[in-house]
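# Inside the fold
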Amino acid sequence: MPVSYPSSLHINDQQATDAGQEPQANLSAGRLIVFTGPSGVGKGTLLKALRQRYPNLDVSISATTRSPRSGEVHGKDYFFLSRDEFMAMVDRGEFLEWAEFAGNLYGTPKATLANQIAAGRWVILEIELEGARQVRRTFPDALQLFVLPPSLEELEHRIRQRGQDDNQSIQQRLHRAQEEIQAAPEFDVQIINDDLDEALQKLETAIFDGDRSYALTSKR
Ligand code: ADP
Ligand code: 5GP
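Residues numbered from 1 in each chain as written. Chains lettered and ligands numbered in written order. Predicted model: local features only at pLDDT ≥ 70, side-chain atom pairs only at ≥ 80, totals over all residues. Heavy atoms only, no water.

## Focus on the overall build of the chain
- When you go through the chain residue by residue, the secondary structure sums to nine helices and nine strands.
- For the chain, buried positions account for 47% of its 220 residues.
- The contacts in the chain between residues at least 6 apart in sequence include a share of 68% that link residues at least 24 apart.
- Surface exposure of the chain reaches about 11,200 Å², of which carbon and sulfur atoms provide 48%. (Helix = DSSP H or I, 4+ residues; strand = E, 2+ residues; numbered from the N terminus. Buried < 20%, exposed > 50% of the residue type's maximum accessible area, 1.4 Å probe, protein only. Contact = heavy atoms within 4.5 Å. Areas by Shrake-Rupley, 256 points an atom, 1.4 Å probe, with all protein chains shown as cover.)

## Here we look at helix α3 (residues 83-91)
- Among the residues of α3, those classed as buried are F86, M89 and V90. Projected onto a plane normal to the axis of α3, the buried residues spread over an arc of 105 degrees and lie on a single side. Counted as exposed and oriented over 90 degrees from the buried face of α3: D84 and D91.
- In this structure, the buried residues of α3 make contact with β3 (63-64), β5 (95-101) and β6 (104-109). (Arc of directions from axis to C-beta.)

## A closer look at the sheet that holds strand β7 (residues 122-126)
- In space, the five strands of this open sheet follow the order β2-β7-β1-β8-β9, with parallel pairing throughout. On the outer flanks of this sheet lie β2 (58-59) and β9 (189-192), each paired with one strand and no other.
- Sheet topology places β2 next to β7; two bridges connect them, and they run parallel. Among the inter-strand pairings, V59 is bridged to a residue of β7, identified as I124.
- The strands touched by helix α2 (residues 43-53) within the sheet are β1 (31-36), β2, β7 and β8 (143-148), with β7 carrying the most contacts at an inclination of about 160 degrees. (Pairing = 2+ DSSP bridges. Axes fitted to C-alpha atoms, helices over the stretch in contact; angles between N-to-C directions.)

## Some remarks on the packing of α2 against helix α8 (residues 196-208)
- At a closest axis distance of 10 Å, the pairing of α2 and α8 adopts a crossing angle of 65 degrees. The two elements α2 and α8 meet at a crossing, and its hand is right-handed. In contact with T45, L46, A49, L50 and R53 of α2, α8 contributes L196, A199, L200, L203, E204 and I207.
- The residue makeup of the contact of α2 with α8, split by class, is eight nonpolar, one polar and two charged. (Left-handed = near helix turned anticlockwise from the far one by under 90°. Nonpolar A, V, L, I, M, F, W, Y, C, P; charged D, E, K, R; others polar.)

## Brief notes about the nonpolar core
- Within the largest apolar cluster, 25 residues are counted, with the highest numbers of intra-cluster contacts made by F35, L50, I124, L203 and I207.
- Mapped onto this core, the elements with two or more residues apiece are β1, α2, β7, β8, α6 (152-162), α7 (167-182) and α8.
- Not counting residues up to four positions away in its chain, the partners in contact with I207 are R31, I33, L50, W122, I124, L143 and L145. (Core = buried A, V, L, I, M, F, W, Y, C linked by side-chain atoms within 4.5 Å.)

## Comments concerning the confidence of the model for the chain
- Mean pLDDT over the chain stands at 87; residues scoring 70 or higher make up 82%.
- Segment residues 1-8 is flagged for pLDDT under 50; beyond a separation of four residues in sequence, or across chains, it makes 27 contacts in the model. (pLDDT = per-residue confidence, 0-100.)

Written out as structure tokens, the structure is:
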């Protein structure tokens, strides 16, 4: 289903508001897909595999105040910002959504996303629960997907064997995971990431719903 373009995402919405008009949107082809699930469940792994198969899908690059993990690249994995830089973007209204997670701030910058949707692209937002709820209010038509672990024990095992988070961060993530899992029924589709290939298959089905024509066009 095409996503209608909410005024809050319009790059020039302030100009329209100043002129006393409801900002206008002239796009219909873009699609927004929200991809949520507890930290360590395998969202990044699934998205990497999905994009290898379908390079035409875009994944939004978030901003965060978290420190880069080894191998993470500024501008590719995240925009790594100081808290002051992040809050300045909040004050300027530059995020579609933002939230605090495990002691750090994360947010989806509006500007690039607006251009991608305007160009008719399909864009995946890999974000936590509070952000997903904010997007649901702004984009009620966005497809909302939730990834579940086979068990909490397996989730803890995955976070630990990833070896990228300190013990405090692991505890915060596991605590938050239980709250997030409770919210899974709010989402359109729930995918259990037990066997990776099976989960990837379900993800493809949920996104394309039998029509891979967009995904199979060459990257624009
Ligand atoms: P997230 O992006 O949700 O935080 P990651 O993609 O970083 O999670 O995955 C966390 C860890 O779990 C990684 O070490 C990854 O290789 C592993 N993992 C992901 N999916 C599976 C799966 N289906 N079975 C076993 N391990 C997995
Ligand atoms: P991590 O630190 O493991 O990369 O991410 C921690 C959590 O933040 C994950 O659940 C991830 O989906 C979420 N996250 C990443 N980017 C954003 C964002 O832009 N907004 C929100 N709300 N959450 C995000």
